[in-house]
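As a plain string of letters, each chain reads:
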Protein chains: 2
Amino acid sequence: METNLPKFESVFTIDCVIFAFDAGKLKILLIERNEEPFKDWLALPGNFVNTDEGIDQAAERILYELTGLKGIYMEQLHIFGDVGRHPQGRVITVAYYAMIRLSGQKEPKPVSSFAKKAFWHATDMLPKLAFDHTKIFEKSLQKIKNKIFYSPIAFELLPEKFSLTQLQQLYEVILNKKLDKRNFRKKMLNYGILKELDEKQQGVSYRAAKLYKFDRRKYNKLFQKELSFGG
Amino acid sequence: METNLPKFESVFTIDCVIFAFDAGKLKILLIERNEEPFKDWLALPGNFVNTDEGIDQAAERILYELTGLKGIYMEQLHIFGDVGRHPQGRVITVAYYAMIRLSGQKEPKPVSSFAKKAFWHATDMLPKLAFDHTKIFEKSLQKIKNKIFYSPIAFELLPEKFSLTQLQQLYEVILNKKLDKRNFRKKMLNYGILKELDEKQQGVSYRAAKLYKFDRRKYNKLFQKELSFGG
DNA sequence: ATTACTTAGTGTAATCAACACACCTTATAT
DNA sequence: ATATAAGGTGTGTTGATTACACTAAGTAAT
């Protein structure tokens, strides 16, 4: 650090909220801490930012060290900077969030000894988390609830090939609300952002559903038009 | 700062993007810097966060010191933490934004000597700003463009009593697009979030328009219902 | 092969919001 | 009184959202 900057320095961390959809449940990635404070508590994967790295790179590095997950595109959620949020002093944290598909993902496993383990945990029964991580989680859940309406984030959570029923279940879990099957299908198919495949689900008892893929090209075309007032 | 925190410290600042609507133009609040680096440049009001204050309080304090504006509710926009964004070392900044009504507001005037002056500047002809402040401004403009569709931010920018034409002009300026008068009025009035007053505009040549107020209670009721899929 | 079971898949009518589009009204200034 | 400039208003069309219930297809067990 060079010399003529004032001495108002703060310790600076990153916490990651990584969502996935598994067995009909929305889950997030947690670690069990191996360091004080909050040793042995469950927490969001998070750690300190180095002074020589940008915060986006720091987020990637930290997630990798604590969970073994690599190359996940995260976005900023919010900054939490209350004076009392860390028991040992002033620590400002940037929360990042991401939504990923589990299929093809390895089991999470910490690379650094900072975390004892890393694992997926259903969001509907979260235990108390370290620091203010419960608050951070709640804010990110609210964020994806809003975002699902105007952004194709739902598809990030599903396998590449999915059935309409799976897609509907995901919406229902995120919105915490039952949806009508016919209306849901009609609306989704009318958007024209799904590509119907010549494949069916494998290995299910009972009738197999048709599979679809998300068509990103069509999606981008569609959402370049803005909302309007009949201008 | 206490002792057993690691030494990954960063200098930490806040920058404010304050929008207002004046003379048919969208404007933001700028300062002329009185300190190196970027002495004499135009910049967003911004400064260092103290280690003993929360970031939201810091934002309020900094805005006051540099512009004399007090009690303005700002929200976080984004964090900018590239390694090279400050010429003297690693500085992470949190951008805050707010939209305010000019009527009843005093002329901005710095309280601290950090800024030579503070003033409103139209957003459609911004000069080059210090640091990465142009990028920060652009991100906040994008934010309010999106937000105007689902949040009553437009009303924050108008005087308490306003005409429908004023409201439409504001939408047109923010969205950068002409709107149809009849459709705009129909839609706005149908929302039922405007209260019609028994007053008319004063001091205009030509026919005076009816004045309206924003009805926050009705707005809140309306926007508790969520978007849906016919569930 | 028949049956039981479970999920996949489908259509219509009613209501409501979005859009395109052009003229008359009212207040003021001269 | 007349010119000017902004205020204010209505309708038909189109497309989206909603509510709602049955048949079709595949698998498993007998």
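Procedures and definitions
Residues numbered from 1 in each chain as written. Chains lettered and ligands numbered in written order. Predicted model: local features only at pLDDT ≥ 70, side-chain atom pairs only at ≥ 80, totals over all residues. Heavy atoms only, no water. Domains from an automatic or database assignment. Contact = heavy atoms within 4.5 Å. Buried area = accessible area lost by both parts, 1.4 Å probe. Salt bridge = Lys/Arg side-chain N within 4 Å of Asp/Glu carboxyl O. Polar contact = N/O pair within 3.5 Å; in protein donor to acceptor, adjacent residues only side chain to side chain. Nonpolar A, V, L, I, M, F, W, Y, C, P; charged D, E, K, R; others polar. Axes fitted to C-alpha atoms, helices over the stretch in contact; angles between N-to-C directions. Helix = DSSP H or I, 4+ residues; strand = E, 2+ residues; numbered from the N terminus. Parallel < 35°, antiparallel > 145°, perpendicular 65-115°, else oblique. Core = buried A, V, L, I, M, F, W, Y, C linked by side-chain atoms within 4.5 Å. Buried < 20%, exposed > 50% of the residue type's maximum accessible area, 1.4 Å probe, protein only. Pairing = 2+ DSSP bridges. Expected span 1.5 Å × (residues − 1). Arc of directions from axis to C-beta. Phe/Tyr/Trp six-rings, centres within 6.5 Å; stacked < 30°, edge-to-face > 60°. Lys NZ or Arg CZ within 6 Å of the ring centre and 35° of its normal.

Another point: the domain arrangement of chain A. Residue and element names in this part refer to chain A. Looking at chain A, the domain boundaries give domain 1 (11-147) and domain 2 (161-222). Placing a centre on the C-alpha atoms of domain 1 and another on those of domain 2 gives a separation of 29 Å. With six residues of domain 1 in contact, the opposing surface of domain 2 contributes six residues. Across the domain 1/domain 2 interface, buried area totals approximately 520 Å², and carbon plus sulfur atoms make up 80% of it. Linking domain 1 to domain 2 there are zero salt bridges. Where domain 1 meets domain 2, there are zero residue pairs in polar contact (both at pLDDT 80 or more). Considering only residue class, the side of domain 1 that touches domain 2 consists of three nonpolar, one polar and two charged.

So, about the packing of helix 4 (residues 164-175) of chain B against helix 5 (residues 181-191) of chain B. What describes two packed helices is the angle between their axes and the distance between those same axes. Residue and element names in this part refer to chain B. Two numbers describe how helix 4 lies on helix 5: the axes approach to 11 Å, and their chain directions differ by 105°. What the angle tells us is that helix 4 and helix 5 run roughly perpendicular. From helix 4, Leu164, Thr165, Leu167, Gln168 and Tyr171 reach across to helix 5, where they touch Lys181, Phe184, Arg185, Met188 and Leu189. Residues that form the contact of helix 4 with helix 5 fall into these classes: six nonpolar, two polar and two charged.

We now examine the nonpolar core. Ile14(A), Ile18(A), Met74(A), Ile14(B), Ile18(B) and Met74(B) are the most contacted members of the largest nonpolar core, which totals 61 residues. Beyond its immediate sequence surroundings of up to four residues, Met74(B) is in contact with Cys16(B), Ile18(B), Ala59(B), Glu60(B), Leu63(B), Tyr96(B), Tyr97(B) and Ala98(B).

Another point: the pairing of strand 6 (residues 91-99) of chain B. Residue and element names in this part refer to chain B. When you tally the buried positions in strand 6, you get nine out of nine residues, the bulk of the element. The side-chain alternation of strand 6 yields two buried faces, one formed by Val91, Thr93, Ala95, Tyr97 and Met99 and the other by Ile92, Val94, Tyr96 and Ala98. Alignment of strand 5 (residues 75-80) against strand 6, held across five bridges, turns out to be antiparallel. By the bridge assignment for strand 6, isoleucine 79 is matched with valine 94.

Turning our attention to the pattern of salt bridges. Residues and elements named next belong to chain A. Across all of its chains, the model carries 34 salt bridges over all chains by this definition. Between aspartate 15 and arginine 85 there is a salt bridge whose closest N-O contact spans 4.0 Å. Of the two residues, aspartate 15 sits in strand 1 (residues 9-22) while arginine 85 sits in the loop between strand 5 (75-80) and strand 6 (91-99), which places them 70 residues apart along the sequence. In this structure, glutamate 156 engages arginine 216 in a salt bridge whose closest nitrogen and oxygen atoms are separated by 3.1 Å. Highlighted residues: glutamate 156 in helix 3 (residues 153-157) and arginine 216 in helix 6 (residues 216-222), separated in sequence by 60 residues. Here arginine 216 falls in the partly exposed class, since its relative accessible area comes to 42%. When salt bridges that share partners are traced, they join Glu32, Asp40, Lys116 and Lys117 into one network.

Okay, the pairing of strand 2 (residues 25-33) of chain B next. Residues and elements named next belong to chain B. With eight of nine residues buried, strand 2 lies mostly within the body of the structure. Of the strand pairs in this sheet, strand 2 and strand 7 (residues 115-122) are connected by seven bridges, and their pairing is antiparallel. Within the sheet, the bridge partner assigned to arginine 33 lies in strand 7 and is alanine 115. Pairing of strand 2 with strand 3 (residues 42-43) involves two bridges; the strand directions are antiparallel.

For the rest of this paragraph, the subject is helix 2 (residues 133-147) of chain A. Each α-helix turn comprises 3.6 residues. Residues three or four places apart therefore point the same way. Residues and elements named next belong to chain A. Helix length check: helix 2 (15 residues) gives 21 Å between terminal C-alpha atoms against 21 Å at 1.5 Å per residue, within 8%. Buried residues of helix 2: His133, Ile136, Phe137, Ser140, Ile144 and Lys147, and no others. Buried positions in helix 2, seen along its axis, are confined to an arc of 100° and lie on one side of it.

To continue, consider the packing of aromatic side chains. Going through the model one piece at a time under the given rule, you end up with 15 aromatic pairs over all chains. Between the aromatic rings of Phe38(B) and Phe131(B), the centroid separation amounts to 4.7 Å while the plane-to-plane angle is 55°, which identifies the pairing as tilted. Here Phe38(B) is found in the loop between strand 2 and strand 3, whereas its partner Phe131(B) is found in the loop between strand 7 and helix 2 (133-147), with 93 residues between them in sequence. On the accessibility criterion, Phe131(B) (18% relative accessible area) is buried. Members of the aromatic cluster, joined through ring pairs, are Phe155(A), Phe162(A), Phe214(A) and Tyr219(A). The ring centre of Tyr64(A) lies 4.4 Å from the NZ or CZ of Lys70(A), which sits over that ring. Residue placement shows Lys117(B) over the ring face of Phe119(B); its charged tip is 5.9 Å from the ring centre.

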